[in-house]
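Structural characterization, general
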Amino acid sequence: MTGTQTRTHCPYCSLQCGMTLQPGRAEGRATLEVLPWEDFPVNEGGLCRKGWTSAGLRGSRERLTSPLVRDRETGALTAVTWEEALDHVADRLRTIQDEHGKDAVAVFGGGGLTNEKAYQLGKFARVALGTSQIDYNGRWCMSSAASAGTRTFGVDRGLPFPLSDVAQAEVVVLVGSNMAETMPPAARYLDRCRENGGKVVVIDPRVTATAERADVVVQPVPGTDLALALGLLHLVIAGGHVDTAYVEARTNGFAAVADSVAAWWPERVERVTGVAAEELRALADLLVSHRKVMVLTARGAEQHATGSDTVLAWIDLALALGLPGREHAGYGCLTGQGNGQGGREHGQKNDQLPGYRMLVDPAARAHVAGVWGVDPDSLPGPGRSAYELLDALGTDDGPKALLVHGSNIVVSAPNATHVEQRLASLDLLVVCDIVMSETAAMADVVLPVTQWAEETGTMTNLEGRVILRRQAVAPPRGVHSDLDVVAGLAERLKAPIAFSTDPEEVFEELGRASAGGKADYAGITYERIEAEKGVFWPCPDATHPGTPRMFTEAFAHPDGRAKMHVVEHRGTAEPIDEAFPLHLTTGRVLAQYQSGAQTRRIRELPDTGAFVEMHPLLARRLGTADGEQVTVSTRRGSVQAPARVVTTIRPDTVFVPFHWLGVNRLTNDALDPASRMPEFKVCAASVEVS
Ligand SMILES: Nc1nc2c(c(=O)[nH]1)N[C@H]1C(S)=C(S)[C@@H](COP(=O)(O)OP(=O)(O)OC[C@H]3O[C@@H](n4cnc5c(=O)[nH]c(N)nc54)[C@H](O)[C@@H]3O)O[C@H]1N2
Ligand SMILES: Nc1nc2c(c(=O)[nH]1)N[C@H]1C(S)=C(S)[C@@H](COP(=O)(O)OP(=O)(O)OC[C@H]3O[C@@H](n4cnc5c(=O)[nH]c(N)nc54)[C@H](O)[C@@H]3O)O[C@H]1N2
Ligand code: SF4
Ligand SMILES: [Mo]
């Protein structure tokens, strides 16, 4: 027996691959099959392993199906009704705020939440709770690129062109992206680029699956991409290859930038980055001898305490070559989470209102307060950024209660032992999740929520394309949406306005709240998204076609020009030394997603546990071999895992994936001054045989 097919999108990454869901019945049980959606443009029917197996959590015993409240006497999480759970939470929130003030309650959101949820969460914090303390895990994702994009171009849309433009580029430079593992169906565009005669360059301390599909592979020391970009710009200028007409007509600040790179000759770059001067010259030659050059950054370049300066340096290079706005060329950031783009636009960020408006802007406050029907003066100001928020939990002037929607903080936050202590010091921790994540397991209250196939909502993919996930099946009994949680709490907290639980109604309101903002969704409707296979923002009205390509005529600053920035190489926050002589970097493997809360529970996906990737030269020096246990230590702690000996990594660097609890006990919480991004991608470590 089969039910109706629904066209929707994958629950995981920012590619938001189109898929078809087929409910059915086998052996008396409900089933849900994932089938291709052949003519959805981004993935053209292709999915990665995680996508094909994504229905595995449906009907799983691992699903949470009842609200749980921690019993004061036994300390155990105990099933209660939704009424009891929401009454209890609202009661506690009220008491804590009465005693310590509005900011004593904080909210932590996620870049995997739908636009509707992210929007409601921001509104809930500012209006129902009246707190300034809200931020989200996107701060740990692409915030350095967002900050650099906003400062340079005046607006932050990860890719200002459709992903398929990659196939038409002549040279594609991937700076710290392992696309073949992190968004596998996207790698087809790299292959097409090469079939068309184009060249792919991969810059990564490891020769990854993506590097295997590249023409040029550059393996810098982790944390030195900034110096690499300065060195390339130096060569572009020295060789007389600046696009001066473009620079004069479309940018500001070039002269100072040119001066600042004068001393970055290739031999100096080699000393800092480990990339041979000849390799650098060859790369510069490749860039200057083609017109359609595309520079794409991802977490490898961005997740550093110098991440936003690094992105600024690569954008400076792109601007000097005249790339942004040129057909099939430019700069872009490969956003990571399912709604990593939309999640950063509609108000769950600490300093932000919907439509990518800023909380400190009086006109923005007036507009959004008008849509919400509240007094602009009642809206709080900006609060703490994600890590600073977690760091302040339970302290004298920090929040005493935290509501978490869509993040498994205990596994994914940097310096995780410290973060765990902060969470443990709270008076109240409420976690809304699909499964008993490591963070939910610490909570005082756990609220079970619907997952993607069980609810409707929009997401904005890495291209800025707003897409629609349609509900395909009924949720399990006892499970409610985040929208229901927010509305239920708002009502109990006697919020001055009502919170809708109907996604389409919320989306219409989001459209009005975003109208006139940088990320303008006012002209987008569910019907249009379905008819047009996604609509690219900005889309200010119903007759507007949407904006697949930005910057073709002008940038988003008032004078229409891009702003170049002078940036300095500073090195990593924690340089290696005798005690910690190795660079530890972290990242992803194909078969697991993020903190692993979802994918580690899917039986078809290999759950290998963490491992320590190292070069044979290092393994020999340590006296270890492939598969043997080693201990990796940093100034913050130690973890054990088997060695994985590969020739594809630099001998001075080890790599550990972060999908399993552990490696973030080692990572450094040094923050980028502009984006507040932690330095996930490099810290000083030592390795010993266990
Ligand atoms: N399979 C899988 N796919 C995912 C995810 C997942 O968890 N699993 N998560 C999604 C999300 S949220 C994100 S943000 C994206 C991330 O997508 P990516 O950025 O592609 O993934 P990472 O593995 O974090 O990092 C990419 C590469 O950076 C390299 N690297 C480390 N340090 C440096 C450095 O200093 N410089 C340079 N140039 N490179 C460095 C690493 O070796 C790694 O190969 O993936 C998305 N897709
Ligand atoms: N060392 C190291 N650490 C990293 C990184 C790294 O490269 N290295 N990368 C960082 C990056 S880029 C990211 S994006 C973060 C990601 O790390 P997390 O923020 O932990 O992301 P997820 O594991 O996706 O957690 C999402 C949680 O929300 C639940 N969930 C899913 N959908 C919903 C929903 O609709 N509502 C609710 N309420 N819950 C839902 C899931 O079950 C899961 O428990 O990790 C960061 N941490
Ligand atoms: S690439 Fe991303 S969106 Fe596509 S199937 Fe895999 S996890 Fe899902
Ligand atoms: Mo991410």
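Residues numbered from 1 in each chain as written. Chains lettered and ligands numbered in written order. Predicted model: local features only at pLDDT ≥ 70, side-chain atom pairs only at ≥ 80, totals over all residues. Heavy atoms only, no water.

Points about the sheet that holds strand β21 (residues 535-536)
Strand order in the open sheet formed by three strands is β19-β20-β21, with antiparallel pairing between adjacent strands. Of all the strands in the sheet, just β19 (457-460) and β21 have a single pairing partner and so form its edges. In the sheet, β19 pairs with strand β20 (residues 465-469) via four bridges, with the strands oriented antiparallel. Directly across from T458, in β20, lies its bridge partner L468. With respect to the sheet, helix α3 (residues 115-129) is in contact with β19 and β20, its orientation differing from that of β19 by roughly 95°. (Pairing = 2+ DSSP bridges. Helix = DSSP H or I, 4+ residues; strand = E, 2+ residues; numbered from the N terminus. Contact = heavy atoms within 4.5 Å. Axes fitted to C-alpha atoms, helices over the stretch in contact; angles between N-to-C directions.)

Section: the site of ligand 1
Near ligand 1 lie 32 residues; those nearest to it are T182, D204, R588, Q592 and Q594. Here a nitrogen atom of ligand 1 and a backbone polar atom of E181 are 3.2 Å apart. When ligand 1 is considered free in solution it has 910 Å² of accessible area, and contact with the protein chains removes 99% of it. Every element with two or more residues in the shell around ligand 1 is listed here: α5 (179-182), α12 (299-302) and β23 (582-587). Among the residues forming the shell around ligand 1, the class breakdown is nine nonpolar, 15 polar and eight charged. (Near = heavy atom within 4 Å. Polar contact = N/O pair within 3.5 Å; in protein donor to acceptor, adjacent residues only side chain to side chain. Areas by Shrake-Rupley, 256 points an atom, 1.4 Å probe, with all protein chains shown as cover. Nonpolar A, V, L, I, M, F, W, Y, C, P; charged D, E, K, R; others polar.)

Things to note about the domain arrangement of the protein chain
Partitioning the protein chain into domains gives domain 1 (6-57), domain 2 (68-141 + 339-536), domain 3 (148-336) and domain 4 (582-689). Between domain 1 and domain 4, the C-alpha centre-to-centre distance is 30 Å. Listed per partner, the contact involves nine residues of domain 1 and eleven residues of domain 4. For the pair domain 1 and domain 4, the two sides together bury roughly 930 Å², of which 72% comes from carbon and sulfur. Considering only the side of domain 1, the residues that lose the most area to domain 4 are Y12, R49 and K50, jointly responsible for 56% of the buried surface there. (Domains from an automatic or database assignment. Buried area = accessible area lost by both parts, 1.4 Å probe.)

Things to note about the packing of aromatic side chains
Tallied over the full model, the rule gives twelve aromatic pairs. Here the aromatic rings of Y12 and Y593 are separated by 5.1 Å at their centres, their planes lie at 45°, and the arrangement is tilted. Of this pair, Y12 sits in the loop between β1 (6-9) and β2 (18-26) while Y593 sits in the loop between β23 and β24 (612-614), and the two are 581 residues apart along the sequence. Classification of Y12 as buried rests on a relative accessible area of 2%. The exposure class of Y593 is buried, given its relative accessible area of 13%. Through pairs of rings, three or more aromatic residues link up here, namely F153, Y331, F551 and F555. One cation-aromatic arrangement involves R157 over W537; the distance from NZ or CZ to the ring centre is 6.0 Å. One Lys or Arg, R206, reaches over the ring of F655 and ends 3.6 Å from the middle of that ring. (Phe/Tyr/Trp six-rings, centres within 6.5 Å; stacked < 30°, edge-to-face > 60°. Buried < 20%, exposed > 50% of the residue type's maximum accessible area, 1.4 Å probe, protein only. Lys NZ or Arg CZ within 6 Å of the ring centre and 35° of its normal.)

What about the nonpolar core?
Counting 172 residues, the largest nonpolar core has F124 and W314 as its most contacted members. Setting aside its immediate chain neighbours within four residues, F124 contacts L129, L403, V486, L489, A490, L493 and F499. Core analysis: the second largest hydrophobic core is formed by 25 residues, A106, L389, V431 and F680 among them. (Core = buried A, V, L, I, M, F, W, Y, C linked by side-chain atoms within 4.5 Å.)

Quick look at the pattern of salt bridges
In total, this model carries 33 salt bridges according to the counting rule given. In this structure, E44 engages R192 in a salt bridge whose closest nitrogen and oxygen atoms are separated by 2.8 Å. In this pair, E44 sits in the loop between β3 (29-36) and α1 (49-52) while R192 sits in helix α6 (residues 187-195), placing the two residues 148 residues apart along the sequence. With a relative accessible area of 29%, E44 lands in the partly exposed category. Residues R281 and E267 are paired through a salt bridge, measuring 3.2 Å at the closest nitrogen-oxygen approach. (Salt bridge = Lys/Arg side-chain N within 4 Å of Asp/Glu carboxyl O.)

Brief notes about the environment of S595
Mapped onto the elements, S595 comes out in the loop between β23 and β24. Each C-alpha atom of the pair S595 and N408 lies 6.3 Å from the other, and the pair is 187 residues apart in sequence.

A look at the site of ligand 2
Lining the immediate environment of ligand 2, one finds 31 residues, of which N137, S407, S412, D433 and S595 sit closest. Between ligand 2 and the protein, one listed contact pairs a nitrogen atom with a backbone N or O atom of G406 at 3.4 Å. In isolation ligand 2 has 920 Å² of accessible area, and contact with the protein removes 96% of it. Here the residues of the shell around ligand 2 are counted per class, giving eleven nonpolar, 15 polar and five charged. When residues of the shell around ligand 2 are sorted by domain, at least three fall in each of domain 2 (68-141 + 339-536) and domain 4 (582-689).

Thoughts on the environment of L121
Tracing the backbone shows L121 in helix α3. Expressed as a C-alpha distance, the spacing of L121 and F108, which sit 13 residues apart in the sequence, is 9.0 Å. Aside from chain neighbours lying at most four places away, what touches L121 is V107, G109, L113, I134, Q348, H405 and V486.

Looking at the sheet that holds strand β16 (residues 401-405)
What the seven strands build is an open sheet, ordered β5-β4-β18-β17-β16-β6-β7; its pairing is mixed. Since the sheet does not close on itself, it has two edges, and those belong to β5 (77-79) and β7 (134-136), each with one partner. Averaged over neighbouring strand pairs, the angle between their axes works out to 20° when direction is ignored. Bridge count between strand β4 (residues 68-70) and strand β18 (residues 445-448): two bridges; the pairing is antiparallel. When the bridges of β18 are listed, L68 appears paired with V446.

Some points on the state of the cysteines
Per the stated rule, a full pass over the model turns up zero disulfides. Distance from the sulfur of C193, which forms no disulfide, to the nearest cysteine sulfur (C333) is 19 Å. Overall, the relative accessible area of 0% leaves C193 in the buried class. (Disulfide = S-S within 2.5 Å.)

Description of the packing of helix α14 (residues 362-372) against helix α19 (residues 503-514)
The angle between the axes and the distance between the axes are what describe a pair of packed helices. The N-to-C vectors of α14 and α19 enclose an angle of 155°; their axes lie 9 Å apart at closest approach. On the basis of their axis angle, the class for α14 and α19 is roughly antiparallel. Here α14 and α19 pass one another in a crossing that is right-handed. Contacts between α14 and α19 pair H367, V368, V371 and W372 from the former with E509, R512 and A513 from the latter. Split by residue class, the contact of α14 with α19 holds four nonpolar, one polar and two charged. (Parallel < 35°, antiparallel > 145°, perpendicular 65-115°, else oblique. Left-handed = near helix turned anticlockwise from the far one by under 90°.)

Details of helix α17 (residues 416-424)
Listed in full, the buried residues belonging to α17 are A416, V419, R422 and L423. What you see down the axis of α17 is that its buried residues fit within an arc of 115°, all on one side. Packing partners of the buried residues in α17 comprise α15 (386-392), β16, α16 (409-412) and β17 (428-433). (Arc of directions from axis to C-beta.)

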